[in-house]
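Chain and residue survey
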Amino acid sequence: MTGALEFILNGQRVHVGEVSPNMTVLEFLRERALTGAKEGCAEGDCGACSVVLVEPGHDGEAAYRAVNSCLMPVCLLAGREVITVEGLGPASPIASGGVRAATLHPVQRAMIEGYGSQCGYCTPGFICSMFEGYYRDDLRTLDDLDDQLSGNLCRCTGYRPIRDAAIEALARRPTGDGHDAFTARLKRATPGLEAVHYECGGETFLRPTSLAELLRVCREHPEARLVAGATELGLDITKRYQRFRTLISTEAVEELKSISSTDDQWRIGAAVTLTEIEQHLADEYPALGAMLRVFGSRQIRNRATMGGNLVTASPIGDSAPVLLALDAAVVLASEAGERTLPIDQFFVAYRRTALQANEVLKTILLPRGAAPTGQTRKTSWYKVSKRREMDISTVAGCFSVDLDDQRVVRRIRLAYGGVAATPARARQTEALLVGRAWTAETIAGVLPTLRAEFTPLSDVRGSAGYRSGLIVALLEKFFTEESA
């Protein structure tokens, strides 16, 4: 594919040329008079722009994934299927190949019957999020539903009827052999993403399909910006008004998209989405699952990758403290070969990593297994922010301790974000705790050392003094909860 971008939009194949690779999906849709998706925030917070992608799911079948169209460059649609709110109603072809829907979709009907729309601005985005939830076989509880809808804001404060409509729609989900055309579409696998070379107006979009090819094009285009989920790059486009001459997608590189395990470790490709990681690992690593539960919204996690979160090297990135506490490692690849680093050696300065020129993050390695025989392990993750959902951390912490049968500390990790230039462990405090009894007196004795290990800054999310207080308070909370 060189001269045009090709994808399926509401069941119809489209060929797109003369469109900047930096144009967002939202801009593209609205220029084509598909105005159901709205721009509310242009940063992935409000969900008014939500649309649905047909993505690979489990067991070779497909899955629906609601995403923020304001953050996604249109070039990333190449080879994909996308459904807008216009594709769900009775007037438009649906994703199953041009068949027209005879009635409103159940989520649309439930919103109408439940009076779930006031001004209507947010309604199409809510419909797309509810649509994804309608076809999720892992959405079973009201908490799951709240998570599904957490990325959609209603400024008319109409959440109760919207939530009630979503509950009613889920109650109408077919059982047994009952299905609709959208269910039938999920029975077919999605084709693999193919290589793309698209150019327009001096701007280039490249999508290699192997690691070797990715490394080659990175060397040939040193000015390029790598893109996976685009949840960070999308902000550069919509909020910082940047335009990238060359974009290189990692989404078709199988070595970066695979997730697998052995008896000893999980191997997570850098371009695996957070939703996929949550599906595979949340039960085995409860602290990781807790972190992902409040990592942005469902729409963000459907696109964002853990590799992308790490390479931004943000000191308030939520995934880094968890990986530090779990003794993760990273595999870095270049044309010269691969090297493996412990995760605590990956962050070298503010917004800087150990990645060298023409080197990419390939894999995240996560150790498996419980504590050694005769010991118990407790791991917990904490996030302090002004809101539970859709907010940046003021301070985040992930703590892991192994205790022997005498409750003596044999191993401990105290990892923090938001308290230094990089995510970091409190190594001095860890050293003081190893070999000592896990008691309130021991914890109280190390708190002065812990407080002195970091010199946090003040910003709009919290003062340095407030952060210093949180550093010790979170460890006290961990001890209290573990000891209960």
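How each quantity is defined
- Residues numbered from 1 in each chain as written.
- Predicted model: local features only at pLDDT ≥ 70, side-chain atom pairs only at ≥ 80, totals over all residues.
- Heavy atoms only, no water.
- Buried < 20%, exposed > 50% of the residue type's maximum accessible area, 1.4 Å probe, protein only.
- Helix = DSSP H or I, 4+ residues; strand = E, 2+ residues; numbered from the N terminus.
- Pairing = 2+ DSSP bridges.
- Core = buried A, V, L, I, M, F, W, Y, C linked by side-chain atoms within 4.5 Å.
- Contact = heavy atoms within 4.5 Å.
- Arc of directions from axis to C-beta.
- Disulfide = S-S within 2.5 Å.

1. Some points on the pairing of strand 7 (residues 203–207)
With five of five residues buried, strand 7 is to be regarded as a mostly interior element. The side-chain alternation of strand 7 yields two buried faces, one formed by E203, F205 and R207 and the other by T204 and L206. Two strands pair when backbone bridges link them, and strand 6 (residues 196–200) and strand 7 are joined in this way by five bridges, in the antiparallel orientation. Its bridge partner being in strand 7, V196 is matched across the sheet by R207. Where strand 7 and strand 9 (residues 246–249) come together, three bridges link them in parallel fashion. When the sheet's bridge partners are listed, T204 is paired in strand 9 with T246.

2. Details of the sheet that holds strand 18 (residues 395–404)
A sheet is described by the order of its strands in space; here four strands give the open sequence 17-18-19-20, paired in antiparallel fashion. This sheet does not close on itself; its edge strands, each paired only once, are strand 17 (375–384) and strand 20 (424–425). For strand 18 and strand 19 (residues 409–417), the ladder comprises eight bridges, and the chain directions are antiparallel. Note on strand 19: the bridge partner recorded for C398 is A415.

3. So, the nonpolar core
Core analysis: the biggest nonpolar cluster contains 78 residues, and L288, L310 and L366 have the highest contact counts within it. Per element, the largest residue contribution to this core is five residues, and it comes from helix 14 (residues 319–325). Leaving out residues up to four positions away in the same chain, L366 has contacts with D264, Q265, W266, I268, L281, Y285, L288, L323, L326 and A328. In terms of nonpolar packing, the next biggest core, distinct from the first, is built from 29 residues, V54, M130, F131 and A165 among them.

4. Concerning helix 7 (residues 211–220)
An α-helical turn contains 3.6 residues, so a residue and the one three or four places further along point in the same direction. Every buried residue belonging to helix 7 is among L211, L214, L215, V217 and C218, and all of these are buried. The buried residues of helix 7 all sit within an arc of 165° when viewed along its axis, so they share a single face.

5. Overview of the state of the cysteines
As enumerated under the stated definition, the model contains zero disulfides in all. No disulfide involves C119; its nearest neighbouring cysteine sulfur is the one of C156, lying 3.7 Å away. Of all cysteine sulfurs in the structure, the one in C122 sits closest to C154, which takes part in no disulfide; the separation is 4.2 Å. The exposure class assigned to C154 is buried, which follows from its relative accessible area of 7%.

6. Things to note about unusual backbone geometry
The phi angle of most residues is negative, glycine excepted, and most peptide bonds adopt the trans form. The phi dihedral of A42 falls on the positive side, at around 60°, and the residue is not glycine. Along the polypeptide, A42 turns up in the loop between helix 1 (25–31) and strand 3 (50–56). If you check the backbone angles, A313 has positive phi at about 55° while not being a glycine. Here A313 is to be found in the loop between helix 13 (306–311) and helix 14.

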